[in-house]
Amino acid sequence: MTQTILITGAGSGIGRETARAFLREGWNVGLIGRGAEALRETADGAPNALVLPCDVTHPAQVEAAFTGAVATFGRIDALFNNAGISAKAAPIDEIAIEDWLAVCNINITGMFLCARAAFGQMRRQDPQGGRIINNGSISAHVPRPGSVPYTMSKHAVTGLTRTLGLDGRAFNIACGQIDIGNALTQMAARFQTGVPQADGSIKVEPVMDVAHVAEAVLNMARLPLDVNVPFLTIMARDMPFIGRG
């Protein structure tokens with residue numbers, strides 16, 4: 001039976017690259033994101049792609065997207081809970097409340113809503129079960145300077161992953177997290193021109209091809225459900241993570 005994955009934030013970056021990797025592997029792929037045209041560009045006419053325009057911060061839209069995926073594909077075998085944003089680096093007292101709320105709404109509430117919808121479907125379907133893969137970050141371990149909203153949100157994702165990994169056992173649901181460092185997407189392009197370091201300097205940082213992230217997610221998703229990778233870190237080898245600061 002062809003397996004089905006839903007991918008949030010599928011209109012660009014890591015989400016787009018991962019969606020295309022799964023499509024090439026023959027999976028049914030539900031593409032979730034705010035921009036229908038961007039999702040269609042990701043799909044590129046693939047017959048096993050389903051475009052599901054959705055703002056992950058809106059509960060009704062999330063439910064409609066997951067319901068639409070099940071109506072088309074019959075079940076959900078995996079979710080790559082990927083959608084996320086960052087905020088401009090600044091000390092906490094210079095961060096606009098609106099920017100804080102925007103990060104929390106997508107990176108925390110959006111993650112919760114999509115995990116909730118996936119968990120419920122995986123629990124109800126026959127055969128029962130599935131896999132949820134949350135997109136964490138190196139910032140789920142250590143922060144960059146001036147990154148309070150993003151770093152807090154990614155620590156919250158780790159809490160979600162750990163709890164779902166525990167609660168899912170009763171329903172044959174596995175949950176893991178991929179923590180990514182310096183994959184070259186539009187969000188990470190600034191690393192090539194220089195970003196602030198903990199010592200106050202500005203330095204160029206190594207980056208890696210985002211295709212390696214897509215392959216790692218695919219490898220996690222291929223595992224049988226009695227096997228789990230709770231946390232996987234993938235990064236540009238020489239980036240400042242081990243030894244950051």
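Because the structure is a prediction, the values reported are computed rather than measured.

Membership of the largest hydrophobic core comes to 32 residues, with the highest contact counts inside it found for F22, V29, I178 and V213. Contributing elements (two or more residues each) for this core: β1 (4-8), α1 (13-24), β2 (28-33), α2 (36-43), β4 (78-81), β6 (173-181) and α6 (211-222). With six residues, the single largest contributor to this core is α6. Setting aside anything within four residues of it in sequence, one finds V29 in contact with I5, I7, A19, F22, L23, N48, A49, L50 and F73. Core analysis: the next-biggest nonpolar cluster, separate from the first, contains 31 residues, V62, L79, M111 and M122 among them.

On to the pairing of strand β3 (residues 49-53), then. Inspection of the sheet shows β2 paired to β3 by five bridges, in the parallel sense. Across the sheet, G33 pairs through a bridge with P53, a residue of β3. Regarding topology, α2 serves as the crossover connection from β2 to the parallel β3, and that connection is right-handed.

Another point: helix α5 (residues 148-167). Across its 20 residues, α5 extends 29 Å between first and last C-alpha, which sits within 8% of the 28 Å expected from 1.5 Å per residue. Residues of α5 that are buried include every one of P149, Y150, T151, S153, K154, V157, T158, L160, T161, L164 and G165, and no others. Tucked into the core, α5 has its buried residues touching β4, α4 (97-124), β5 (130-135), β6 and β9 (231-235).

The next subject is the sheet that holds β1. Spatial ordering of the open sheet is given by β3-β2-β1-β4-β5-β6-β9, a layout of seven strands whose pairing is parallel. The open sheet has two free edges, formed respectively by β3 and β9, since each of these has just one partner strand. Each adjacent strand pair in this sheet contributes to an overall mean axis angle of 15°, direction not counted. Bridging between β1 and β4 involves three bridges; their strand directions are parallel. Looking at β4, one finds that I7 is bridged to F80. Contacts between α2 and the sheet are confined to β2 and β3, with β3 contributing the most and set at about 165° to the helix. Packing against the sheet, α6 makes contact with β4, β5, β6 and β9, and its axis sits at approximately 165° to β6.

On to the packing of aromatic side chains. Within the structure shown, the criterion is met by two aromatic pairs. Centroid distance F22 to W27: 4.9 Å. Interplanar angle 90°. Geometry classified as edge-to-face. Side by side, F22 and W27 carry an identical accessibility label, which is buried. Each ring, one from F119 and one from F171, has its centre 5.8 Å from the other, and the planes form 80°; the classification is edge-to-face. Taken together, the residues F119 in helix α4 and F171 in the loop between α5 and β6 connect sequence positions 52 residues apart. This pair shows no difference in class: F119 is buried, exactly as F171 is.

What follows is about α1. Here α1 spans 17 Å end to end across twelve residues, near enough to the 16 Å set by a 1.5 Å rise per residue. Looking at α1, one finds that the buried residues are I14, G15, R16, T18, A19, A21, F22 and L23. Downstream of α1 by one or two residues, G26 has phi in the positive range, about 90°.

A word on the layout of surface pockets. There is about 1,200 Å³ of room inside the largest pocket. Contributions of two or more residues to the lining of the largest pocket are made by α1, β2, α5, β6 and β7 (195-196). Looking at the lining of the largest pocket, its residues break down into 22 nonpolar, 21 polar and seven charged. Roughly 170 Å³ of volume is contained in the second largest pocket. Looking at the lining of the second largest pocket, the elements that each hand over two or more residues are α5 and β6. Here the lining of the second largest pocket is composed, by residue class, of seven nonpolar, four polar and two charged.

With that out of the way, let us pick up unusual backbone geometry. Cis geometry is adopted by the peptide bond preceding P127, which originates at D126 and carries an omega value of 5°. The phi dihedral of D44 falls on the positive side, at around 50°, and the residue is not glycine. Mapped onto the elements, D44 comes out in the loop between α2 and β3. Phi angles above zero are rare outside glycine, and N172 is one such case at about 60°. Positionally, N172 belongs in the loop between α5 and β6. A residue is classified by how much of its surface remains accessible, and N172, at 37% relative accessible area, is partly exposed.

Cut-offs applied
Residues numbered from 1 in each chain as written. Predicted model: local features only at pLDDT ≥ 70, side-chain atom pairs only at ≥ 80, totals over all residues. Heavy atoms only, no water. Core = buried A, V, L, I, M, F, W, Y, C linked by side-chain atoms within 4.5 Å. Buried < 20%, exposed > 50% of the residue type's maximum accessible area, 1.4 Å probe, protein only. Helix = DSSP H or I, 4+ residues; strand = E, 2+ residues; numbered from the N terminus. Contact = heavy atoms within 4.5 Å. Pairing = 2+ DSSP bridges. Right-handed = clockwise from strand over helix to strand, strands pointing away. Expected span 1.5 Å × (residues − 1). Axes fitted to C-alpha atoms, helices over the stretch in contact; angles between N-to-C directions. Phe/Tyr/Trp six-rings, centres within 6.5 Å; stacked < 30°, edge-to-face > 60°. 1 Å grid on protein atoms, 1.4 Å probe; cavity = no way out; pocket = protein on both sides within 12 Å on 5 of 7 lines; lining within 4 Å. Points joined across faces, edges and corners; volume = space filled by probe spheres on them. Nonpolar A, V, L, I, M, F, W, Y, C, P; charged D, E, K, R; others polar.

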